[in-house]
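Per-entry structural report
Okay, here's what each chain looks like letter by letter:
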Amino acid sequence: MVDFSLTEAQRAVRRTAREFAETEIAPVAREHEESGEWPREVWEKAVDAGLIGGSIPEEYGGAGMGSLEGALFAEEFARVDAGMLAALGTEFGTRMIAEYGSEDQKERLLRGVATGELIGALGNTEPGHGSDAASIETTARKEDGEYVIDGTKTFITHGTIADYVLTTCRTGEEGHGGISAIVVETDREGFSVESEIHKMGWNASETAQLRYDGVRVPESNLVGYEDAGFYQLMEFFEQERVGIAAQALGIAQGCLEEAIDYAGEREQFDRPIQQFQAIQHKLADMAVKVENARRLTYDAAARIDDGEKPTKLASMAKLYASEIAEEVASDAIQIHGGNGYTREYPVERQYRHAKIYQIGEGTSEIQRNIIAGELLDL
């Protein structure tokens, strides 16, 4: 692809991310995926290289990346291994804190994440409520200048290693309007990791179910406005969905490259399999899907950077990129034949990673609902 739309600064982000991914992530990705051990040593190198906290404003120690720069970064890491990217992303919830948090929260939390002193998590999903985020049951009641929090959160990335969890709680009436976002430090009494969750992919990334039993935090831990947490969170869904699209795009790009390399090396019937038209056509179809996903994703990211709120386009990018990531990964395994089904080749684990992108940050079905709603003014 010709990077005709990228600035030199954006190209530099891509080069830096690719170099780190190939040098530091690729050699250990399989090891951490199989062991399930969080890659602390790689994370520490990323912190030292200034690669953590990309979206955090520069005044709080971050890189202040725009959406397109963030997408380039995510694509390059996921191109090597999407599970390791998930493991290294420790800035969950920082967008909301940067926009709505108090100055103390920004100084303490944003700077802490950017410098590697803190690891953040976002606690939104509950055992009974995933896509239906407006029906959360975790409660926070005021008592003597504090919030007392009770409930359960599940599928929480970094739940076992986080220093704080930005937690959505019911503080008011039922529905969207009664939800608040509250910072809960994980060393507070009553907070516990109820269980670790073992997954199909993303095994280098810690995932847990969390329990809040009368956890007390000061009222100053409220982020933004009481009963406005749902709407505050929605402000960033376009950015989050573009980020997910970029990660899925990275999987597809990486699998395409692996398939091209393998087709040139693998011989059957006395010639490389790239000489068979069936393989050529499969690779061509894969390349078209990848390029379409890239254009949707970059376009949505660029529009966000221009101050737009591209709800429909962001959902299109997330929907399409996540769907083709699984398709391209599957085709890459098919080109690898039996070898693609083994753990010796990266396409096997990338195929397992790909499925989560059709689920997280709004399922494919939810994205179709959003797109249809935008088209029909529903």
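Please refer to the structure placed before this passage.
In this report, we go over the structure that sits alongside the text. Given the structure is predicted, the values throughout are model-derived calculations rather than measurements.

Looking only at helices and strands, the protein features 12 helices and 10 strands. Here the C-alpha radius of gyration of the protein, 21 Å, is about what a compact globule of 378 residues would show, namely 21 Å. Seen through its C-alpha atoms, the protein measures out along the principal axes to roughly 80 × 45 × 40 Å. For the protein, the residues scored as buried account for 52% of the 378 residues in total. Considering only contacts in the protein between residues 6 or more positions apart, those separated by 24 or more positions represent 75%. Of the roughly 16,700 Å² of accessible surface on the protein, 47% is carried by carbon and sulfur atoms. Charge centroids of the protein, computed over 36 positive and 69 negative side chains, lie 4 Å from each other.

Before going further, it helps to spend a moment on unusual backbone geometry. Phi is positive for Phe155, which is not a glycine, with a value near 55°. Residue position: Phe155 is located in strand S3 (residues 146–157). Even without being a glycine, Asp270 presents a positive backbone phi close to 65°. With respect to the helices, strands and loops of the structure, Asp270 is situated in the loop between strand S9 (267–268) and strand S10 (271–272).

This part takes up the environment of Gly112. Looking at the element boundaries, Gly112 is found in helix H6 (residues 103–114). Judged by relative accessible area, Gly112 falls into the buried class, the value being 4%. Discounting residues that sit within four places of it in the chain, Gly112 has contacts with Glu107, Glu117 and Leu118.

A word on empty space enclosed by the protein. For the structure shown, the criterion picks out one cavity of 30 Å³ or more. Of the voids in this model, the largest cavity is the one considered here, and its volume is about 40 Å³. Considering the residues around the largest cavity, the lining is formed by Arg30, Glu33, Glu34, Arg343, Tyr345, Glu348, Arg349 and Arg352. Going through the elements one at a time, helix H2 (29–35) and helix H11 (346–354) are the ones with two or more residues in the lining of the largest cavity. Its residues assigned to classes, the lining of the largest cavity comprises one nonpolar, no polar and seven charged.

Enumeration over the complete set of coordinates arrives at 35 salt bridges. Notably, a salt bridge pairs Glu75 with Arg14, separated by 3.5 Å at the nearest N-O pair. Taken together, the residues span a long stretch of sequence, with Glu75 in helix H4 (residues 67–88) and Arg14 in helix H1 (residues 8–25) at a distance of 61 residues. Accessibility classification places Glu75 together with Arg14 in one group, the buried group. The residue Arg141 makes a salt bridge to Asp150 at a minimum N-O spacing of 3.5 Å. Residue classification places Arg141 among the partly exposed residues on the basis of a relative accessible area of 43%. When its relative accessible area of 27% is taken as the criterion, Asp150 is described as partly exposed. Among the ionic contacts, a cluster of salt bridges with common partners joins Arg14, Arg18, Glu22, Glu75, Glu76, Arg79, Glu257, Glu291, Arg294 and Arg295.

As a further point, take the environment of Ala12. In this fold, Ala12 is placed in helix H1. The class of Ala12 is partly exposed, set by a relative accessible area of 28%. Residues Ala12 and Glu327, 315 residues apart in the sequence, show an inter-C-alpha distance of 30 Å.

With that out of the way, let us pick up helix H9 (residues 277–305). Its 29 residues place the ends of H9 42 Å apart at the C-alpha level, agreeing with the 42 Å of an ideal helix rising 1.5 Å per residue. Those residues of H9 that fall on the buried side of the exposure criterion are Ile279, Leu283, Met286, Val290, Ala293, Arg294, Thr297, Tyr298, Ala300, Ala301 and Ile304. Where H9 is buried, its residues touch H1, H4, helix H8 (237–265) and helix H10 (311–336). Phi turns positive, to about 90°, at Gly307, one or two residues after H9.

Its place among the elements puts Val13 in helix H1. Remark: the alpha-carbon pair of Val13 and Phe73, spanning 60 residues in sequence, is separated by 6.5 Å. Sequence-distant contacts of Val13, that is, excluding residues within four places in its chain, are made with Met65, Glu69 and Phe73.

The next thing to look at is the side chain of Ser364. Inspection of the secondary structure assignment puts Ser364 in helix H12 (residues 364–376). Apart from the residues lying within four places of it in its own chain, the contact partners of Ser364 are Leu319, Ser322, Glu323 and Gln358.

Before going further, it helps to examine a nonpolar patch on the surface. Residues Leu375, Leu376 and Leu378 make up a contiguous nonpolar surface patch of roughly 390 Å² in combined accessible area. Relative to the helices and strands, Leu378 is located in the segment after H12.

By size, the foremost hydrophobic cluster in this structure holds 71 residues, and its most contacted members are Ile25, Phe77, Leu283, Met286 and Ile335. Where this core is concerned, the elements lending two or more residues are H1, helix H3 (40–48), H4, H8, H9, H10 and H11. Per-element accounting of this core gives the leading share, 14 residues, to H4. Apart from residues no more than four positions distant in its own chain, Phe77 is found in contact with Ala17, Phe20, Ala21, Ile25, Leu51, Leu85 and Leu88. Core analysis: the second largest hydrophobic core is formed by 17 residues, Ala140, Ile156, Val184 and Phe191 among them.

Cut-offs applied
Residues numbered from 1 in each chain as written. Predicted model: local features only at pLDDT ≥ 70, side-chain atom pairs only at ≥ 80, totals over all residues. Heavy atoms only, no water. Helix = DSSP H or I, 4+ residues; strand = E, 2+ residues; numbered from the N terminus. Rg over C-alpha atoms; globule rule 2.2 N^0.38 Å. Buried < 20%, exposed > 50% of the residue type's maximum accessible area, 1.4 Å probe, protein only. Contact = heavy atoms within 4.5 Å. Areas by Shrake-Rupley, 256 points an atom, 1.4 Å probe, with all protein chains shown as cover. Lys, Arg positive; Asp, Glu negative; His and termini not counted. Charge placed at Lys NZ, Arg CZ, Asp CG, Glu CD. 1 Å grid on protein atoms, 1.4 Å probe; cavity = no way out; pocket = protein on both sides within 12 Å on 5 of 7 lines; lining within 4 Å. Points joined across faces, edges and corners; volume = space filled by probe spheres on them. Nonpolar A, V, L, I, M, F, W, Y, C, P; charged D, E, K, R; others polar. Salt bridge = Lys/Arg side-chain N within 4 Å of Asp/Glu carboxyl O. Expected span 1.5 Å × (residues − 1). Patch = residues over 30% accessible without salt bridge, like charges linked within 9 Å, V, L, I, M, F, W, Y side chains within 5 Å. Core = buried A, V, L, I, M, F, W, Y, C linked by side-chain atoms within 4.5 Å.

What is shown is where atoms sit, not what they do.
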